[in-house]
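# Structural overview
Next come the chains, spelled out residue by residue.
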Amino acid sequence: MAIEHNTIMRVLMRDRAKLFAYIWSIVRDVHLAEDVLQEVSLLALDKSATIDSEQALPAWLRTTARFRSLRTLENNHRLPAPLDDRLLDQLDEQWGKSDGDSPGDLIDALRHCVAKLTPRARWMLRLRYADGMSGVDVANASGIQPDSVYKSLGRIHRTLADCIRRYDRGVVHD
Amino acid sequence: MTDRPSHDADFAELAARYLDDRLDAPDLAVFSELMRDPANQALFIEICMQSRLINETLGVELEDERPVHTKNQTIDRRPKYVLPAALAAAVALALTLWLVLFGLQTAEDEPSHTSTSAVAMLTDLSPDAKFADGRHPLQLGGDLPPGSIRLAAGRAQIMFTSSAVVDLVGPCEFEMTGANQGVLHSGEMDAYVPREARGFTVVSHGVMVRDLGTRFHLRVDESDVTRVNVVEGVVEVSLQHGQGRPITLHAGDMGRFDGPAGTYALDPLAARTRITTATVRVDFADPETPSPHAAEASWNVIDQLNGVIDNLADTEGRPTTLSLSTSDFTGSRANQQRDQPIDWADPQSLIGVWYSFSKHRPTQASLELSNLIPGERYEVSIVTARSWPAEQGYPQARQAIYRPDGQSDEAVTLDAYQQGWVQGRAVTWSDLVADPMGRLTIQLQSPQVHRSAYLNALQIIGPMRVGDRETQP
């Protein structure tokens, strides 16, 4: 049974951040990721007759996004892709574990956990992700070595991941 | 300076490098090997999601942050994918979907999957969107039942089930009253109404605007007077207490409608303009210390901080439909030292400058040019010259970022004293494209505390609706 366009649109809007993150993890370029996201969105609407159900849609979007991302890398002379097919298969399986989840809970948890970071960590997150600076630009803006920026970002991401897991389990200490 | 991960680099650090494309082949091999571990795969996905959600949703909550112990805080020009670009991408996706759905659903069709109470869907939020009631931002893609949205700041986009799209500009209050209608209680909004949603209606303080397939802008001012500006197509405006038939407005028309009084005034320029290339110059002056030289006809002198000025004149003294809106400037410096007529080529004749400053946090001001021709290209220049070196005890540099929104032309970082004043350098963007509503927006950002972004003068060259000299608005 074909899926309705409105359902596709609803899922696309709900899962936009996740699908973008998936594409970005392959192409690692925000502009390219935006282009691929648009292509995949249009394809989903165009090929709605071939998609069985709302439950099947996230996997369909991911598969299409992977194919389009790799083709984009090829068109931009950036092949071979840094992660091989086997690894991408394994990651797809991981991405699929949260299919159908609303991003609202994760946003709430992330908001809670970001608020607990030090001002300096929040500043770094802002420069790198909200302002879109590269790690090197963040280093220049902060007066530290790029190496320190990546170390800090790694630590911050781990801290956030741990905090989000505790938040999800309801173990939250303000 | 090293930029290679150390041998014992943490997986999360490698992931941060990978996502920034900063791993060479050997490091990538290490990263890939570590990635075989399912726990690391899960962490990698978490990092990707954290990064994206911070960009899309939480960026504004980090805006107040600043480095505590940093040195050499020169923020170079930002890459193109800064906040407005992220917003543009979101809008682009929403509009793409909207365009695809054009032929798929009519205003009369009720989507079968939606709850009976849903009349619209939230399709975009700008990173700085804040709701007046303090609730968390609504989720993108979520159903919106009839009711009010009170947007304190930023932008929010909703798409009615009819497929009409409304962009709300905070602060504003907009009430959704049906699948193809709403009420603008305060503030401003843009409407994009496809053919399928023809008949989309917005009511505002005794004024009813019925769209016949077009784009229009609506703004309620402090006196509850409703200003309607039609960008494309046709709208009908009816007054609750007015007499006679609805007033029809066409593309380029602009009118002010006082619903309670039952009166209205159309911009006389609207019907008597032609589109031609024009140059408009604006001097942003200090209201307390007027220039000893009378304003020249070729300049528009504005000495009221933050507001809307309509019908700017071009350098030949002809009225245009161009409007200029400024916001978030915090003050101005004196211009009593002006000892020569103002001259675009000489920034030192333009002493007296608006600024955006905060002692405790980075600041941002903006200027918006509207009623331009959608999709047309413009050359825009600003003079940003701080006329004295810094006072003793304050940082010497007056560096700020000057950035056009949603453009391929990039942000410019400039020291308003050394480059703006001493060197007399203006900031020029030669290829800015007016958005679908006929607007250009420029942000002035002072990313460091105790610094200012400045604005002395502006020049815009490009196609505009221009009236005859004797046509006074």
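Residues numbered from 1 in each chain as written. Chains lettered and ligands numbered in written order. Predicted model: local features only at pLDDT ≥ 70, side-chain atom pairs only at ≥ 80, totals over all residues.

This next bit is on the overall build of chain A. Within chain A, the regular secondary structure consists of 9 helices and 0 strands. In sequence order, chain A lays out its α and β elements as α-α-α-α-α-α-α-α-α. Expressed as a percentage of its 174 residues, the buried residues of chain A come to 45%. Taking the contacts inside chain A whose residues are at least 6 apart along the sequence as the reference set, 68% of them involve residues at least 24 apart. (Helix = DSSP H or I, 4+ residues; strand = E, 2+ residues; numbered from the N terminus. Buried ≥ 20, exposed ≤ 12 C-beta atoms within 10 Å, placed from the backbone. Contact = placed C-beta atoms within 7 Å.)

What follows concerns the overall build of chain B. Looking only at helices and strands, chain B features 5 helices and 29 strands. By the burial criterion, 48% of the 473 residues in chain B qualify as buried. Put simply, of all contacts in chain B between residues at least 6 apart along the chain, 60% involve residues at least 24 apart.

Below, the discussion takes up the sheet that holds strand S17 (residues 300–302) of chain B. Residues and elements named next belong to chain B. With mixed pairing, the 5 strands of this open sheet are ordered in space as S17-S16-S29-S23-S26. Each end of this open sheet is capped by a strand with a single partner; those strands are S17 and strand S26 (427–433). Averaged over all adjacent pairs, the angle separating strand axes in this sheet is 25°, with direction ignored. (Pairing = 2+ DSSP bridges. Axes fitted to C-alpha atoms, helices over the stretch in contact; angles between N-to-C directions.)

When two helices pack together, their arrangement is given by the angle between the helix axes and the distance between those axes. All names here are of chain B. Across the interface, helix H1 (residues 11–19) lies against helix H2 (residues 25–34) with an axial gap of 10 Å and an inter-helix angle of 125°. Put simply, H1 runs oblique to H2. H1 and H2 meet at a crossing whose hand is left-handed. Between H1, through Phe11, Leu14 and Tyr18, and H2, the contact on the second element is made entirely by Asp27, Val30, Phe31 and Leu34. Classifying every residue of the contact of H1 with H2 by side-chain character gives 6 nonpolar, no polar and 1 charged. (Parallel < 35°, antiparallel > 145°, perpendicular 65-115°, else oblique. Left-handed = near helix turned anticlockwise from the far one by under 90°. Nonpolar A, V, L, I, M, F, W, Y, C, P; charged D, E, K, R; others polar.)

Our focus in this paragraph is the sheet that holds strand S21 (residues 353–357) of chain B. Residue and element names in this part refer to chain B. Strand order in the open sheet made by the 3 strands is S20-S21-S28, with antiparallel pairing throughout. Among the strands making up the open sheet, the edge pair consists of strand S20 (331–333) and strand S28 (452–455). Strand-to-strand twist of the sheet, defined as the mean angle between neighbouring strand axes without regard to direction, takes the value 35°. Of the pairings in the sheet, the one linking S21 to S28 comprises 4 bridges and is antiparallel in character.

Residue and element names in this part refer to chain B. Per-residue confidence for chain B averages 76 on the pLDDT scale, and 71% of its residues sit at or above 70. Ranking the elements of chain B by mean pLDDT puts helix H4 (residues 83–101) last with 48 and H1 first with 94. In this model, residues 101–116 is a region of pLDDT below 50 whose contacts with residues beyond four sequence positions or in other chains number 25 contacts. The ipTM value of the predicted complex is 0.95, and its pTM value is 0.48. (pLDDT = per-residue confidence, 0-100.)

Moving on, we come to the environment of A:Leu32. Residues and elements named next belong to chain A. Relative to the assigned elements, leucine 32 resides in helix H3 (residues 30–46). Residue leucine 32 is classed as buried on the basis of its C-beta count, with 20 C-beta atoms lying within 10 Å. Through-space distance from the C-alpha of leucine 32 to that of leucine 73 is 8.7 Å; in sequence the pair is 41 residues apart. Residues in contact with leucine 32, not counting those within four places in the same chain, are Val27, Thr72 and Asn76.

Among the secondary structure elements, A:Ala17 is positioned in helix H2 (residues 16–27). Along the chain, A:Ala17 and A:Pro103 lie 86 residues apart, while their C-alpha atoms are 8.3 Å from each other. Other than its neighbours up to four places away in sequence, A:Ala17 contacts A:Pro103, B:Arg52, B:Leu53 and B:Glu56.

Attention shifts here to the nonpolar core. A:Ile23, A:Ala33 and B:Ala15 are the most contacted members of the largest nonpolar core, which has 70 residues in total. In this structure B:Ala15 touches B:Phe44 and B:Ile47, once residues within four positions along its chain are discounted. (Core = buried A, V, L, I, M, F, W, Y, C linked by C-beta atoms within 7 Å.)

Residue and element names in this part refer to chain B. Proline 171 follows glycine 170 through a cis peptide bond whose omega is 0°. Along the chain, proline 171 falls in strand S6 (residues 165–178). At asparagine 311, a residue that is not glycine, the phi angle is positive and equals roughly 55°. Within the secondary structure layout, asparagine 311 lies in the loop between strand S18 (307–309) and strand S19 (323–327).

Glancing now at the packing of helix H9 (residues 146–168) of chain A against helix H3 (residues 38–58) of chain B. Contact geometry for H9(A) and H3(B): axes closest at 10 Å, N-to-C directions at 100°. Taken together, the axis directions place H9(A) and H3(B) in an arrangement best described as roughly perpendicular. Residues A:His157, A:Leu160 and A:Ala161 of H9(A) form the contact with H3(B), whose participating residues are B:Leu43, B:Glu46, B:Ile47 and B:Gln50. When its residues are assigned to classes, the contact of H9(A) with H3(B) shows 4 nonpolar, 2 polar and 1 charged.

This brings us to helix H6 (residues 103–115) of chain A. Spanning 13 residues, H6(A) covers 18 Å between terminal C-alpha atoms, matching the ideal 18 Å at 1.5 Å per step. Of the positions making up H6(A), those classed as buried are A:Pro103, A:Leu106, A:Leu110, A:Cys113 and A:Val114. Taken around the axis of H6(A), the buried residues stretch over an arc of 100°, which confines them to a single face. In H6(A), the exposed residues that point more than 90 degrees away from the buried face are A:Asp105 and A:Ala115. For H6(A), the elements touching its buried residues are helix H1 (5–14), H2, helix H7 (119–130) and H9 of chain A together with H3 of chain B. (Expected span 1.5 Å × (residues − 1). Arc of directions from axis to C-beta.)

This next bit is on the pairing of strand S16 (residues 274–284) of chain B. All names here are of chain B. Bridge count between S16 and strand S29 (residues 457–466): 10 bridges; the pairing is antiparallel. Its bridge partner being in S29, threonine 279 is matched across the sheet by isoleucine 461. Judged from the 3 bridges that link them, S16 and S17 form a sheet pairing that is parallel. The residue bridging aspartate 283 from the neighbouring strand is valine 301, located in S17.

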